[in-house]
Amino acid sequence: LRVTKMRRGTSFRNERHDRFTHKPKVPKEKSIHTPEGEWVYGVQPVRAALESKKRGLHNLYIKDSHFDTRQSYAMSLMEDWKRSTGKEAVLVTKDFLGNILQDKLHQGIVLDATPLSLKAIDFLPPSTNTNDLWVVLHEIQDPQNLGAIVRSCLFFGVTGIVVSNKNSAPLSPAVSKASAGAIELQEMYEVGSTIRFLNRSRENGWQILGTGIPTSEGDDSQYISITNPKILKKPTILVFGE
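Structure report, in brief. It should be emphasised that the depicted structure is a prediction, and the values quoted were computed from it without experimental measurement. (Residues numbered from 1 in each chain as written. Predicted model: local features only at pLDDT ≥ 70, side-chain atom pairs only at ≥ 80, totals over all residues. Heavy atoms only, no water.)

**Let's talk about the overall build of the protein chain**
Basically, it comes down to this: The numbering of helices and of strands both runs from the N terminus, where a helix is a DSSP run of H or I of at least 4 residues and a strand a run of E of at least 2. Three exposure classes are used, based on accessible area relative to the maximum for each residue type with a 1.4 Å probe and protein chains only: buried under 20%, partly exposed in between, and exposed over 50%. Here a residue-residue contact requires only that any non-hydrogen atoms of the pair lie within 4.5 Å. Residue burial considers only the protein chains on display, and all accessible areas are found by Shrake-Rupley using a 1.4 Å probe.
Counting secondary structure elements, the protein chain contains nine helices and 10 strands. Counting only residues that meet the buried cut, the protein chain has 40% of its 242 residues in that class. Relative to all contacts within the protein chain whose residues are 6 or more apart in sequence, the contacts with residues 24 or more apart total 84%. Roughly 14500 Å² of accessible area belongs to the protein chain as shown, and the carbon and sulfur atoms make up 51% of that amount.

**Some words on the sheet that holds strand 8 (residues 188-191)**
Basically, it comes down to this: For two strands to pair, DSSP has to find at least two bridges joining them. What counts as an axis is a line fitted to C-alpha atoms, over the stretch in contact for a helix, and the angles between N-to-C directions run from 0 to 180 degrees.
Taken in spatial order, the six strands make up an open sheet running 5-8-7-6-10-9, and their pairing is parallel. Where the open sheet ends on each side, the last strands, each with one partner, are strand 5 (119-120) and strand 9 (207-210). Where strand 6 (residues 133-138) and strand 7 (residues 160-164) come together, four bridges link them in parallel fashion. Paired with Val135 across the strands is Ile161, a residue of strand 7. On the sheet, helix 6 (residues 143-155) packs against strand 6, strand 7 and strand 8 and is oriented at approximately 180° with respect to strand 6.

**Examining the nonpolar core**
Inclusion rule: In this description, a nonpolar core means a group of buried Ala, Val, Leu, Ile, Met, Phe, Trp, Tyr and Cys residues linked to one another through side-chain atoms lying within 4.5 Å.
Core analysis: the biggest nonpolar cluster contains 19 residues, and Val135, Leu137, Leu146, Val150, Ile161, Ile183 and Met188 have the highest contact counts within it. If you list the elements that add at least two residues to this core, you get strand 6, helix 6, strand 7 and helix 8 (182-185). By residue number, the principal contributor to this core is helix 6, which donates three residues. Leave out the neighbours within four places in its chain, and Leu137 touches Leu146, Ile149, Val150, Ile161, Val162, Val163, Ser164 and Phe240.

**Quick word on the pairing of strand 1 (residues 38-41)**
Taking every second residue as pointing to the same face, both faces of strand 1 are buried, with Glu38 and Val40 on one and Trp39 and Tyr41 on the other. In terms of strand pairing, strand 1 meets strand 4 (residues 109-113) through four bridges, oriented antiparallel. Residue pairing for strand 4: Trp39 is matched across the bridge by Asp112.

**Observations concerning the side chain of Gln186**
Put simply, the rule is: By the criterion applied in these results, polar contacts are pairs of N or O atoms within 3.5 Å in which, for protein atoms, one can donate a hydrogen and the other can accept it, and in which residues neighboring in sequence qualify only through two side-chain atoms.
Along the chain, Gln186 falls in the loop between helix 8 and strand 8. We classify Gln186 as buried; its relative accessible area is 3%. A polar side-chain atom of Gln186 sits 3.4 Å from the main-chain amide nitrogen of Leu154. Non-local contacts of Gln186, meaning those with residues more than four positions away in its chain, are made with Lys54, Val150, Cys153, Leu154, Val158, Thr159, Gly160 and Ile161.

This is a description of form; function is not addressed.
In structure tokens form, the structure reads like this:
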């Protein structure tokens, strides 16, 4: 078996994307002012949005130098976009992306797509799966915090997330970026009354665990460890709040 040493990032990458034999036309950028939906930016959020198919897709914008240098992640996204929509991605300059996104870290990849929407939920039905773990986010207002929590939930295999629809950060592109695209993939719902949701779910056999710190010396909160194997022996809802 003869092995030919390849210079890193050249031959294989170009062969994989050799079907892109011509450079797509670059539109007049002055004709593009605002998105039809909203700007989803960054490699992981855009890739996750294309994978999850939860959004309506309008256009994919890619920095033209990514095409010129055959950046593997950009070429892969162009293939996914073509396969999903039947349309070509739009090549634009770095200055154009900077103008529409200001100082946001877009990585040269921007998707024009409809905003995410959450389905309403009133309670969780009874479950016989002792591994069921849901997270309730009560009035998490900081987009960075919300994104980080959702990212961790997806990593640890949380079944679903419920977000209070009052005094909570919307599922904006900033949250998608902070979550590395996790909000595009994680099962998420919204609820009008967190207390009512928790009470009705408890009636259906769910264990409710809250997070917090003591407010006084006389605080009668019971402290437990989430790593204690005796704790997660029944379907559980873990509550976070700001």
